[in-house]
Amino acid sequence: MVLALAAIALPGFTATAQPAAADPAGYHLYAHGFLSGGIAGYHASDTDQPTPIPGRPMPGALNWPQAPTPDGRFLFAAPGPNPQLIPYAIGAGGELTAGTPLPLPDVPVDIMFAPNSRDGYVVVGLQNAQVVPVRIGADGTPTRNGPGVPFGESLDGVASGTVSPDGKQLYVASLLPRQLLVFDINADGTVSPVKQRLSTGLNPIFPRVTPDGRHVYVVNEISGSVSGFARAADGTLTEIAGSPFRTGMLPHVTSMTPDGRFLYVPNMGSGHISSFAVEPNGVLTPLPDVAFAPEKPGTFAESSVMSPSGEVLWALGTDPMRGGEEILRRFTIGENGVLDLDESVAVYTGTHVADGRTLSLVPQR
């Protein structure tokens, strides 16, 4: 977000963690760049080389977020210069077909979906901080689901978020005020006003709830750390003892194994991915760091996704020696949670600058 801010100039929890799912059919990966207009798609698996999916939709440049619906039927992108939420139907072969976009009231920064794949939330507002609730139709068409919910003053909308696994809360990290906000999600998919504000480190971004719903983590981009919180049955949060936990420089989009045992943090300003074991009480215990691209100094990871099996982490980074072109790498995850770089996978995507939620994984249907 630091790089993008410099570049842009626009006005009860679940009882148990979800088990890992096998991926014999593989999955699709989609990458876009903040400074490039296209979405690059790949067929991928935990073991095979990624192969390109034909076609490259062009939602537009200066685009922070993309996100798939949890059911894997649609992928959404939201460019900033022409603020809109663009749906893409995901075909059987991973190909993307654009649908009817929804105009947005301000610059979009992040997109989140409830587990039901029907209710979505777009955080907008470099000038007008608000959550825009949307309803996703059977054909993927998004429509407004009630009014936007303001949550701050001017410039507070540089924010990113996540929905709890039980679909009852929306957690939004508001970057400039250094706060993590808690919203209740109503039965009709609309959002309550903010019910809790918690202090974080500098530039909080990309909160993540553990699969069992018991803990919430948010990376502090400028502080170089992760703040951890215990989640109560009503969704409110209390900071964990020992929080925040140190990462590398400019931590970014995290990933967690499906069993909730390990958390991985790519660092936009350091050459490694920070790894942690997640203790039952929510404390993060550091594991050995692993270099993202040891053969390419200055190429740092920025976005990440976890394979359905929980055995592979995919990370997307930016190579300054190739004009900021993005590079996709694969890491295997050991029984102890330690990452191992698969040196055979180094895919240049033709997209540029991985700042934001720029990598998505969709299981093959």
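What counts and how
Residue indices begin from 1 for each chain and proceed along its sequence in written order. Per-residue local features are limited, in this predicted model, to residues with pLDDT of at least 70; the limit for side-chain atom pairs, both in listing and counting, is 80 or more; totals at the level of whole chains, interfaces and linings are taken over all residues. Neither water nor hydrogens contribute to the side-chain values; these are computed over all heavy atoms in the structure. Only DSSP runs of H or I covering at least 4 residues are called helices, and only runs of E covering at least 2 are called strands; the numbering of each starts at the N terminus. A radius of gyration in this sense is built from C-alpha atoms; the matching globule rule multiplies 2.2 Å by the number of residues raised to 0.38. Under the scheme applied here, a residue whose accessible area is under 20% of the maximum for its type counts as buried, over 50% as exposed, and between as partly exposed, the area being computed with a 1.4 Å probe on protein chains only. Methods summary: accessible areas were calculated by the Shrake-Rupley approach with a probe of 1.4 Å, and residue burial reflects only the protein chains presented. Only four residue types enter the charge count, namely Lys and Arg as positive and Asp and Glu as negative; His and the chain termini do not. Just so you know, the charge point we use is NZ for Lys, CZ for Arg, CG for Asp and CD for Glu. Salt bridges are defined by distance alone: a side-chain nitrogen of Lys or Arg within 4 Å of a carboxyl oxygen of Asp or Glu. DSSP bridges decide pairing: two strands pair if at least two such bridges lie between them. To obtain each axis, a line is fitted to C-alpha atoms, and for helices this fit is confined to the stretch in contact; angles are then taken between N-to-C directions over 0 to 180 degrees. Pairs of N or O atoms are called polar contacts if they sit within 3.5 Å, as long as, within protein, a hydrogen donor faces a hydrogen acceptor (for residues adjacent in sequence, only side-chain-to-side-chain pairs). Contacts: residue pairs with any heavy atoms within 4.5 Å of one another. By convention a nonpolar core is built from buried Ala, Val, Leu, Ile, Met, Phe, Trp, Tyr and Cys residues, the set being connected through side-chain atoms within 4.5 Å. The predictor's confidence in any single residue is recorded as pLDDT, a number from 0 to 100. Here the aromatic set is Phe, Tyr and Trp, taking the six-membered ring for Trp, and pairing holds for ring centres within 6.5 Å; pairs whose planes are under 30 degrees apart are stacked, those over 60 apart are edge-to-face, and all others are tilted. Both a distance and an angle decide whether a charge sits over a ring: NZ of Lys or CZ of Arg must be within 6 Å of the ring centre and within 35 degrees of the ring normal.

A count of helical and extended segments in the protein chain gives 1 helix and 31 strands. For a compact globule of 365 residues, the expected C-alpha radius of gyration is about 21 Å, and the protein chain comes in at 18 Å, within 12% of that figure. Projecting the C-alpha coordinates of the protein chain onto the three principal axes gives extents of approximately 50 × 45 × 40 Å. Looking at the protein chain residue by residue over its 365 residues, the buried ones come to 60%. When the accessible surface of the protein chain is split by element, carbon and sulfur atoms take 56% of a total near 12900 Å². Treating the 20 positive side-chain charges of the protein chain as one cloud and the 32 negative ones as another, the clouds have centres 4 Å apart.

All chains considered together, the criterion is met by 8 salt bridges. Notably, a salt bridge pairs D166 with R231, separated by 3.1 Å at the nearest N-O pair. Taken together, the positions of D166 in the loop between β14 (159-163) and β15 (169-174) and R231 in strand β20 (residues 225-231) put the pair 65 residues apart, joining distant regions of the chain. Judged by relative accessible area, which is 4%, R231 ranks as buried.

This part covers the sheet that holds strand β17 (residues 196-199). Taken in spatial order, the 4 strands line up as β14-β15-β16-β17 in an open sheet, and their pairing is antiparallel. Every other strand in the sheet has two partners, leaving β14 and β17 as the edge strands with one partner each. If you compare each strand with its neighbour and ignore which way they point, the axes differ by 20° on average. Relative to β15, β14 runs antiparallel, the two being bridged by 5 bridges. Bridge pairing in β15 links G161 to V172.

With respect to the helices and strands, the residue H252 is situated in the loop between β22 (245-246) and β23 (255-256). Classification of H252 by relative accessible area gives buried; the value is 0%. Of the polar contacts made by the side chain of H252, one reaches the side chain of D355; its length is 2.8 Å.

A few words on the sheet that holds strand β1 (residues 27-33). Reading across the sheet, the 4 strands line up as β3-β2-β1-β31 and stay open at both edges, with antiparallel pairing between neighbours. Whereas interior strands pair on both sides, the edge strands pair on one side only; in this sheet they are β3 (51-52) and β31 (359-363). Inspection of the sheet shows strand β2 (residues 36-44) paired to β3 by 2 bridges, in the antiparallel sense. Of the residues in β3, the one forming a bridge with H43 is T51.

For the rest of this paragraph, the subject is the pairing of β17. What you see with β17 is a clean split: Q196 and L198 sit on the buried side and R197 and S199 on the side with no burial. Of the pairings in the sheet, the one linking strand β16 (residues 179-184) to β17 comprises 4 bridges and is antiparallel in character. The residue of β17 that forms the bridge with L181 is R197.

With that settled, the discussion passes to unusual backbone geometry. Negative phi values dominate among residues other than glycine, just as trans dominates among peptide bonds. The residue after S243, namely P244, is reached through a cis peptide bond having omega 5°. With respect to the secondary-structure elements, P244 resides in the loop between β21 (237-239) and β22. Despite not being glycine, L250 has its phi angle at roughly 55°, a positive value. By the secondary structure assignment, L250 is in the loop between β22 and β23. The backbone of V353 shows a phi angle near 70°, a positive value even though the residue is not glycine. If you trace the backbone, V353 turns up in the loop between β30 (339-352) and β31. With relative accessibility at 8%, the residue V353 sits in the buried group.

Mapping D289 onto the fold places it in strand β26 (residues 284-291). When its relative accessible area of 47% is taken as the criterion, D289 is described as partly exposed. Placed 24 residues apart in sequence, D289 and L313 show a C-alpha to C-alpha distance of 14 Å. Once you skip the residues sitting within four places of it in the chain, D289 turns out to touch H272, I273, S274 and S275.

What follows covers the nonpolar core. Of all hydrophobic cores here, the largest spans 22 residues; its most connected members are Y217, L263 and L284. For this core, the secondary structure elements donating two or more residues are β18 (204-209), β19 (215-220), β24 (262-266) and β25 (272-278). Counting residues in each nonpolar core, the second largest holds 17 residues, with L287, A301, L313 and L341 among its members.

What follows is about the confidence of the model for the protein chain. Taken over all residues, the pLDDT of the protein chain has a mean of 92, while the share at 70 or more is 92%. Below a pLDDT of 50 lies the segment residues 2-23, which in the model reaches 63 contacts outside its immediate sequence neighbourhood of four places, other chains included.

Turning to the environment of P280, a few remarks are in order. Take P280: it is sitting in the loop between β25 and β26. Sequence separation between P280 and G260 is 20 residues; the distance between their C-alpha atoms is 9.6 Å. Setting aside chain neighbours within four positions, we find P280 in contact with R214 and H215.

Time to look at the packing of aromatic side chains. Counted according to the given criterion, the structure contains 4 aromatic pairs. Between F151 and F183 the ring centres are 6.1 Å apart and the planes differ by 85°, which places this aromatic pair in the edge-to-face class. Here F151, found in the loop between β13 (149-150) and β14, pairs with F183, found in strand β16; they are 32 residues apart in sequence, far enough to count as distant. Its guanidinium or amino end placed over the ring of Y348, R322 lies 3.6 Å from that ring's centre, counting from NZ or CZ.

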